[in-house]
Structure formats: C-alpha cells, structure tokens
Amino acid sequence: MPQNEHIELHRKRHGRRLDYHERRRKKEGREAHERSRKAKKMIGLKAKLYHKQRHAEKIQMKKTIKMHEKRNTKEKNEEKTPKGAIPAYLLDREGQSRAKVLSNMIKQKRKEKAGKWEVPVPKVRAQGETEVLKVIRTGKRKKKAWKRMVTKVCFVGDGFTRKPPKYERFIRPMGLRFKKAHVTHPELKATFCLPILGVKKNPSSPLYTTLGVITKGTVIEVNVSELGLVTQGGKVIWGKYAQVTNNPENDGCINAVLLV
Amino acid sequence: MAAIMSPSEDAERLLIQFRDEAGEPLGSPFDVPIGITADKLQLVCNALLQKDEPVPLAFYVHDAEIVTSLEKTLAGLALETEKVLDIIYQPQAVFRVRAVTRCTSSLEGHTEAVISVAFSPTGKYLASGSGDTTVRFWDLSTETPQFTAKGHRHWVLSIAWSPDGKKLASGCKNSQIFLWDPATGNQISRVLTGHSKWITWLCWEPLHLNPECRYLASASKDGSIRIWDTLMGRCDKILTGHTQSVTCVKWGGDGLLYSSSQDRTIKVWRSQDGVLCRTLQGHAHWVNTMALSTDYVLRTGAFEPAEASINPQDVSGSLAELKDKAQQRYDQVRGQGPERLVSGSDDFTLFLWRPAEDKKPLERMTGHQALINQVLFSPDTRIIASASFDKSIKLWDGRTGKYLTSLRGHVSAVYQIAWSADSRLLVSGSSDSTLKVWDAKTKKLAIDLPGHADEVFATDWSPDGQRVASGGKDKCLRIWRR
C-alpha cells in the first residue's frame, strides 16, 4: 500500500504508458480465461475456499441478471387496490395512535430535561487509557515510560507535522491514520465515501478529541459537498457531522451515519 | 316617543353615525337615547338604507356586538358621550339555515372508507369518492344510491363539482382524473392522465369567468399543477415551480390561480397564460390548506342560496344569464378590496394574505397547538374558521385576522369543517367519529351528532342549507337533517 500519493502524482504529471489502454483492455479480456484456468487447477483447501466464494458470487450475478430481465418485460399489474384508504390530507403523515402521543410527549420532556442530544449511538462503552494508549519504553535502558502510542484509528489534519521525535509524547502511527469515512445518509439510505474534516467529539475523553482518536460513537465532521445540500438561504453546505458506528481499528475502515 | 322613555333616560342621549364595513358613512349623525335596543337600531338603519325588504342587521361598536341595548354594550367600554359614536352595521343573510339535528339515513354501498364528499352547487346531487375506487352518486329525495361510477383503479382522493353542477371531476391516487355526468352516472370525455403522482386537489374555473365550465385545475404530489381542457380532454397548461407536493390549488375570481405546497410556499399564477406572478413565503413547514374569501360564491356560481326551494333544482337560464348572475354575486361578496387568502400549515400558524397586491402577509394567526388541517372563510367572508389536530376549531375575524374564539368539544383531531350558507352555523367532523354543529353567533356548541362508527374523513353542508353529509372510515355515508 503506498504511503503517499507519489504514484498518482506521477500519473498526473507524466500521464500513462502509450499502450496502457490497449494492454488494460486485453488483460481484462483474458481475465475470464485466467480465472477458469486457475479454478480448474486448484486443489485442496484453497480450492474449497475459492469455490465457495465463487458460488456465492455466481448466485448474486444470477439474481441481478434476473432483476434486469424483469425490468425489461412488462408484467400485468395486480388489480387489488391496497386497503386502508385515507384522504389526501393524511397521506404523507404516519398515523400515530392516540395512546402513543401522550407517552411520546412525556418522553420528549424527559429527554429535554436531561439535555441529551439525539444521536444514533447514544451510549458507548468508555475506552480506558490502557486500551487506547500503549506505553512505549524509551531510553538507553528502556526504563523511561513517558511516551504513548495510540492503538486506535485516528485522524490528523492536512498540514500535520510531527513534533521532533525526541519530544513527542503521543505517537500516532501512519498505518492507523485515515482520511476518508464511509458515511450513510439515514433517510436516503445511500453511503458515500467522504473526506473527514476533523474530529468533533470523542465520547470517552476530551484528550482523545484533541488527539483525533476515532472510536465507536465519535462525532466527526465530514465534507458533504459531494451530496449537494443547500440551505434555505441558498448557501451550499459543505460540512456536516456524522457519528461513527463501527470499531474502525477492527474493521480497517470508518463507517459513520450522517446526523441530519 | 316621549311617553315611552323614562325620565332618567331623557338626559342620556348619544350622537351616533352608522358606517358600513368598509367605513363609508350612512346618512348623517343623529341623536338616540342610550338605552336604544338592537331591534330599534335595525328599524332606523333599514329606513336609512331604503331597501324594499328589511334586511336583518348586526351592529358593532368598537368590535363589540350590540346584543341587547346600546347602554349595556357601552357599559364595558369607557367612551366619551361628547363625540359621535360610530356604529358599524353588517347585513346578515336574509334566509336562515336551521341546525341539523338528526341522522336521517346511513347510506351504505361503499366497500372501503369514504374519503371525499361533495354536494353539487345547487344541492341537487351528492357525490362521494371512496377507497374502493368508485364514485357514487346518491339520490337526495329518497336518500338511496343512484349511480356507481366505476373507472378509477385506486383510491379516489378528491372530487370537485363544476360551478354549473353539470360535471363532476374526480382524481385518484394513480394520478388519473375522470369526469362524470351526474344525471346518468356515465363518464364524460376522456380520462385525463399526465400527472406522475397522486392528485391532491381539483378546482374548476369560476362560472363568471367562463360559463361553459371548461377548464379544471389539478394539483398533484409531483409538484406540478395542470390546467385541463375538459371539452377536448387534454392538458392545456402545466404550471411547474413547486419543489414538493402541491397540497391545494384555488382558482380565484380575478383570473389568478393560487397554489400551496409542501415546500412552504404559496405561488400566485396568472390563469390566462400560466405565468408565475408571486411567491408568498413565510410558513415554516408544509402549507396544508388554503381558503379564499370568495370561495363559497365561486363554488355556488349562479345559484343563490336565498332562493333555494325544498326540492333543489338546477339553475336555469342561458349561458349569458348565468354568467351575469354569477358575476353579480361575486362582486357583491368580494366588496371593495382584493380577494383575501388564508393559509394553514403544519407549523401551527395561519397567514392572512392579499395575494393580488402584496407579497407580505397581512397577519400571522397563531394559537393552535397542532397542525392545521383545514381553513374556511364563512360565506359572507366575515369569519375564518380553522380546524386543527389539536382538537379545537378557532374562529378569526375575516378582514383583520384577529382571534375571536376557540371552539372546544372534540376529543381528537378535527379533520374537516363546513359552513352553512347563511354563515351562522358551522359543522365539524373529527377523528373521534362525531360531528358537531357550532353556532357562530354565540360561539358555542349547538348540537352534537354522534353516529359514525369510526373516524369521519369528509363533511359537507349543502348550499341550500337543508342537509349535511358526512363520510368516514366506517364505509357509510350519513345524511343529517333538521
């Protein structure tokens, strides 16, 4: 995995090989043959695993093909009209049962009193220091134990430069630094890969917020200019908060849900 | 006269000046004893008006109605007896609608909930649209089913009578519009298709603008308004501009079309060419409903409720005569100023606008505690009634938007309301399965009408004042009479 964008930079500056597209096209054309050759030759446990995976893939492919076929043919519409007819003024509303309304009001008042913000992941297990920070021993005799290394995924800004190694207390390894998050819009049910702008709040400790540690339940700010949201006044919204919903250090990616 | 007055009243006399609602003085100021009653004031005023028949009048002093005598009304207000007192007189409707008290019949026939109910402009026919995709016509003299109009393939969401009572338009959830002939129950012309989502509202062009009743406006969830030519059976104009569902469209009497939408705006269009004139902004949530001050007179067209007979008849006359009559009635109700528009929204407030003149609202009417489902001007445009999901109906002054009173009594959301033709009574249907008749003068509950088994979705009062029809979730249509 490249640590930086030198490959992309080179591509931008000098372009690709002259026969790159040709070679790519031919390689892709060979792919089916290569695959089948490998599949025939594989033996043992490797083969079992591979065939299992391939079988699952094929099932998915068949499903999508069927769906496409259905779309092209016109089916006779079912004549049954749904039950539960409601007038036009009730159509866009969800019917609330009367009993629930009162209890909802009470719950709302309780929530307001507690002063909690509505977030999708309200309660998170607090991460202790021993979990998040690992002690690094330094010194000639490895006796000094004042350095700490962050064991969770973190975000450092664009213009981040390490402090001189002799003086830096918190080490944030490059392998655990992430720039993008997979953010799901709760109403549209679509997921986008959006660049992170910053860490707003880590529920475990304000220290982690300043360090930029991202764990489950952290509120991060993401760049949503891709979504094209506009305010009432006509201004383009380009930053929104999202809350992390998985454990990024276990999964290798940051999944978050947008707070609308 | 001197013998009737007691000596103590001799000293107390007041200078009064009659003024009409617009502020124009009637006659010159003159002396009256302070103990003068409302009846005597009526005699005097009628004499000054010099009309053929005496018209019932209501008198207001500084917004307080003179119910018994002038003295009692003035007792509460601190006024100088030196200055001339302005008394505003308001002509009331000559005819009187009696309150409905009993359910005369429960008409079954629909196999699903009844979603919309409407009387024809003369009160001769009754039509109801339902979730079983049919529109049914009912015979009012025998209170039995007359025709069943089949054709829709999904719930019939809205129905609208043409102002001459010869056609009924119905819109369904599959975005189709059908036209029916009430005399035979058959479909007229073609199915009008074009919208991509369901139809939320239908509104015909007023009679005085076009006596043939040719054009129909439809509002849909897809955010567009289409004007259809019912003679040719095709779409004439498409008015786009709203970004979300259009909840209501009204065809004003001055050639303007008003449309309210879930995108929190109300747009004013010119009906001639479909050009957007104005966008009225101000609401903070969906605009659910709108009402024009001239709504009732546009609905009834050339039919005059005062001339109604026991057996409702169609309005007769040539097209030119009908147009003239409708124009006369319209001018009378409209008065001097432009049409007023009141809009109710999910943000619990109402706005009063003069859409033909100004972009800014006249008044913001707050007070409701839940979303407002329907607003209606009284037929004489003096009172605005708003029905809300907070179980109350609020009455507001029709000209200024000032709050008058709250009518409480329902135990759950009030869905629809309807005024009687003389503006004295109001009927409301609610999700608690009852209807209530309220007296607008005393501002109290007149009669409670229980009987439905489930929520009442639609209510209507016939323009001749004889019947109230209501339909709801229990699939039956009830007719109430005196």
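What counts, and where the lines are drawn
Residues numbered from 1 in each chain as written. Chains lettered and ligands numbered in written order. Predicted model: local features only at pLDDT ≥ 70, side-chain atom pairs only at ≥ 80, totals over all residues. Heavy atoms only, no water. UniProt positions renumbered as here; feature names shortened; annotations may be inferred. Helix = DSSP H or I, 4+ residues; strand = E, 2+ residues; numbered from the N terminus. Buried < 20%, exposed > 50% of the residue type's maximum accessible area, 1.4 Å probe, protein only. Contact = heavy atoms within 4.5 Å. Areas by Shrake-Rupley, 256 points an atom, 1.4 Å probe, with all protein chains shown as cover. Patch = residues over 30% accessible without salt bridge, like charges linked within 9 Å, V, L, I, M, F, W, Y side chains within 5 Å. Salt bridge = Lys/Arg side-chain N within 4 Å of Asp/Glu carboxyl O. Lys, Arg positive; Asp, Glu negative; His and termini not counted. Charge placed at Lys NZ, Arg CZ, Asp CG, Glu CD. Pairing = 2+ DSSP bridges. Axes fitted to C-alpha atoms, helices over the stretch in contact; angles between N-to-C directions. 1 Å grid on protein atoms, 1.4 Å probe; cavity = no way out; pocket = protein on both sides within 12 Å on 5 of 7 lines; lining within 4 Å. Points joined across faces, edges and corners; volume = space filled by probe spheres on them. Nonpolar A, V, L, I, M, F, W, Y, C, P; charged D, E, K, R; others polar. pLDDT = per-residue confidence, 0-100. Buried area = accessible area lost by both parts, 1.4 Å probe. Polar contact = N/O pair within 3.5 Å; in protein donor to acceptor, adjacent residues only side chain to side chain. Core = buried A, V, L, I, M, F, W, Y, C linked by side-chain atoms within 4.5 Å. Phe/Tyr/Trp six-rings, centres within 6.5 Å; stacked < 30°, edge-to-face > 60°. Lys NZ or Arg CZ within 6 Å of the ring centre and 35° of its normal.

- Chain B appears in an unreviewed UniProt entry as Notchless protein homolog 1 from Apteryx mantelli.
- According to the UniProt record, the Subcellular location (unreviewed entry) comment for chain B reads "Nucleus, Nucleolus".

- The name an unreviewed UniProt entry gives chain A is Ribosome biogenesis protein NSA2 homolog, with Apteryx owenii as the organism.
- UniProt annotates chain A under Subcellular location (unreviewed entry) with the comment "Nucleus, Nucleolus".

Examining the overall build of chain A
Here is step 1 of the chain: The helix and strand inventory of chain A stands at seven helices and eight strands.
Here is step 2 of the chain: Burial statistics for chain A: of 260 residues in total, 22% are counted as buried.
Here is step 3 of the chain: In chain A, 45% of the contacts between residues at least 6 apart in sequence involve partners at least 24 apart.
Here is step 4 of the chain: As displayed, chain A offers around 20900 Å² of accessible surface, 55% of which is attributable to carbon and sulfur atoms.

Re the overall build of chain B
Here is step 1 of the chain: Check the secondary structure of chain B and you find five helices and 37 strands.
Here is step 2 of the chain: Considering chain B as a whole, with its 482 residues, one finds that 58% of them fall into the buried category.
Here is step 3 of the chain: In the form shown here, chain B has an accessible surface area of approximately 19600 Å², with 48% of it arising from carbon and sulfur atoms.

Remarks on a positive patch on the surface
Here is step 1 of the chain: Together, Arg96, Arg98, Arg102, Lys441 and Arg482 of chain B line one region of the surface with positive charge.
Here is step 2 of the chain: In this structure, Arg102 of chain B sits in strand β6 (residues 102–107).

Some thoughts on the sheet that holds strand β8 (residues 255–258) of chain A
All names here are of chain A.
Here is step 1 of the chain: One closed barrel holds the five strands; their spatial order is β4-β5-β6-β7-β8, and the pairing between them is mixed. Ignoring strand direction, the axes of neighbouring strands in this sheet form an average angle of 50°.
Here is step 2 of the chain: Bridge analysis of strand β7 (residues 239–244) against β8 gives three bridges, and the strand direction is antiparallel. From the neighbouring strand, Gln243 faces β8, where its bridge partner is Val257.

As for empty space enclosed by the protein
Residue and element names in this part refer to chain B.
Here is step 1 of the chain: Taken as a whole and assessed by the stated rule, the structure comprises three cavities of 30 Å³ or more.
Here is step 2 of the chain: What lines the second largest cavity is Pro121, Pro163, Asp164, Lys166, Leu207, Thr300, Ala302, Phe303, Val315 and Leu322.
Here is step 3 of the chain: Looking at side-chain class alone, the lining of the second largest cavity contains seven nonpolar, one polar and two charged residues.

Comments concerning the confidence of the model for chain B
All names here are of chain B.
Here is step 1 of the chain: Averaged over chain B, the pLDDT score is 87; the fraction of residues at 70 or greater is 97%.
Here is step 2 of the chain: Note that pLDDT drops below 50 for residues 5–9; the model gives that stretch five contacts with residues more than four away or on any other chain.
Here is step 3 of the chain: For this predicted complex, the interface score ipTM comes out at 0.81, alongside a pTM of 0.65.

A short note on the interface of chain A and chain B
Here is step 1 of the chain: Taken together, the contact between chain A and chain B spans 16 residues of the former and 27 residues of the latter.
Here is step 2 of the chain: Summed over both sides, the interface of chain A with chain B buries roughly 1800 Å², with 56% coming from carbon and sulfur.
Here is step 3 of the chain: Between chain A and chain B we count two salt bridges in total.
Here is step 4 of the chain: We note a salt bridge from Lys221 of chain B to Asp92 of chain A, for which the minimum N-O separation is 3.5 Å.
Here is step 5 of the chain: Put simply, chain A and chain B have five residue pairs in polar contact (both at pLDDT 80 or more) between them.

Some words on the sheet that holds strand β2 (residues 144–150) of chain A
Two strands in a sheet stick together by hydrogen bonds in their backbones, pointing the same way (parallel) or opposite ways (antiparallel).
Residues and elements named next belong to chain A.
Here is step 1 of the chain: Spatial ordering of the open sheet is given by β1-β2-β3, a layout of three strands whose pairing is mixed. The outermost strands of the open sheet, each flanked by one partner alone, are β1 (133–138) and β3 (170–171).
Here is step 2 of the chain: Across two bridges, the pairing between β2 and β3 is parallel. Along β3, the bridge assignment pairs Arg148 with Phe170.

Looking at the nonpolar core
Here is step 1 of the chain: In this structure, Ile16, Phe18, Leu41, Phe59, Leu70 and Ile87 of chain B are the most contacted members of the largest nonpolar core, which totals 18 residues.
Here is step 2 of the chain: Those elements that provide at least two residues to this core are β1 (13–19), β2 (25–33), α2 (38–49), β3 (57–61), α3 (70–76) and β5 (85–91) of chain B.
Here is step 3 of the chain: Other than its neighbours up to four places away in sequence, Leu70 of chain B contacts Leu14, Ile16, Val32, Ile34, Ile36, Val61, Leu85 and Ile87 of chain B.
Here is step 4 of the chain: Ile196, Val199, Ile214 and Ile220 of chain A belong to the second-largest nonpolar core, a separate cluster that totals 17 residues.

Thoughts on the pattern of salt bridges
All names here are of chain B.
Here is step 1 of the chain: Inspection of every chain in the model, using the stated rule, returns 26 salt bridges over all chains.
Here is step 2 of the chain: Here Asp273 and Arg270 are joined by a salt bridge, their closest N and O atoms 3.1 Å apart.
Here is step 3 of the chain: Linking Asp460 and Arg299 is a salt bridge whose minimum nitrogen-to-oxygen distance equals 2.9 Å. Of this pair, Asp460 sits in strand β35 (residues 456–461) while Arg299 sits in helix α4 (residues 295–300), placing them 161 residues apart in sequence.
Here is step 4 of the chain: By relative accessible area, Asp460 is classed as buried at 8%.

Examining the UniProt feature "repeat: WD" (unreviewed entry) in chain B
Here is step 1 of the chain: With numbering aligned to this structure, UniProt lists the feature "repeat: WD" (unreviewed entry) at residues 107–148, 149–190, 192–229, 239–279, 365–406, 407–448 and 449–482 of chain B.
Here is step 2 of the chain: Counting secondary structure, residues 449–482 of chain B comes out at 0% helix and 50% strand; the distance between its end C-alpha atoms is 12 Å.

Description of the environment of Ile225 of chain B
All names here are of chain B.
Here is step 1 of the chain: Along the chain, Ile225 falls in strand β17 (residues 225–229).
Here is step 2 of the chain: Taking relative accessible area as the criterion, Ile225 reaches 0% and is therefore assigned buried.
Here is step 3 of the chain: When residues no more than four places from it in sequence are discounted, the contact partners of Ile225 are His195, Ser218, Lys237, Ile238, Leu239, His242, Val246, Val249, Leu257, Ser259 and Trp269.

What about the packing of aromatic side chains?
Here is step 1 of the chain: Inspection of every chain in the model, using the stated rule, returns 10 aromatic pairs over all chains.
Here is step 2 of the chain: Considering the side-chain rings of Phe351 of chain B and Trp353 of chain B, the 5.3 Å spacing of their centres and the 40° angle between planes classify their relative orientation as tilted.
Here is step 3 of the chain: Note on Trp353 of chain B: relative accessible area 0%, which makes it buried.
Here is step 4 of the chain: These aromatic residues form a ring-pair network of at least three members: Tyr89 of chain A together with Phe389, Tyr415 and Phe457 of chain B.
Here is step 5 of the chain: The positively charged end of Lys173 of chain B is found above the aromatic ring belonging to Trp155 of chain B, 5.5 Å away from the centroid.

Some points on the pairing of strand β9 (residues 135–139) of chain B
Residues and elements named next belong to chain B.
Here is step 1 of the chain: With four of five residues buried, β9 is to be regarded as a mostly interior element.
Here is step 2 of the chain: In terms of strand pairing, strand β8 (residues 125–130) meets β9 through five bridges, oriented antiparallel. If you follow Ser128 over to β9, its bridge partner there is Arg136.
Here is step 3 of the chain: Connecting the antiparallel pair β8 and β9 is a turn made up of four residues, with Thr133 showing a positive phi of about 70°.
Here is step 4 of the chain: Across five bridges, the pairing between β9 and strand β10 (residues 144–149) is antiparallel. Within the sheet, the bridge partner assigned to Phe137 lies in β10 and is Phe147.

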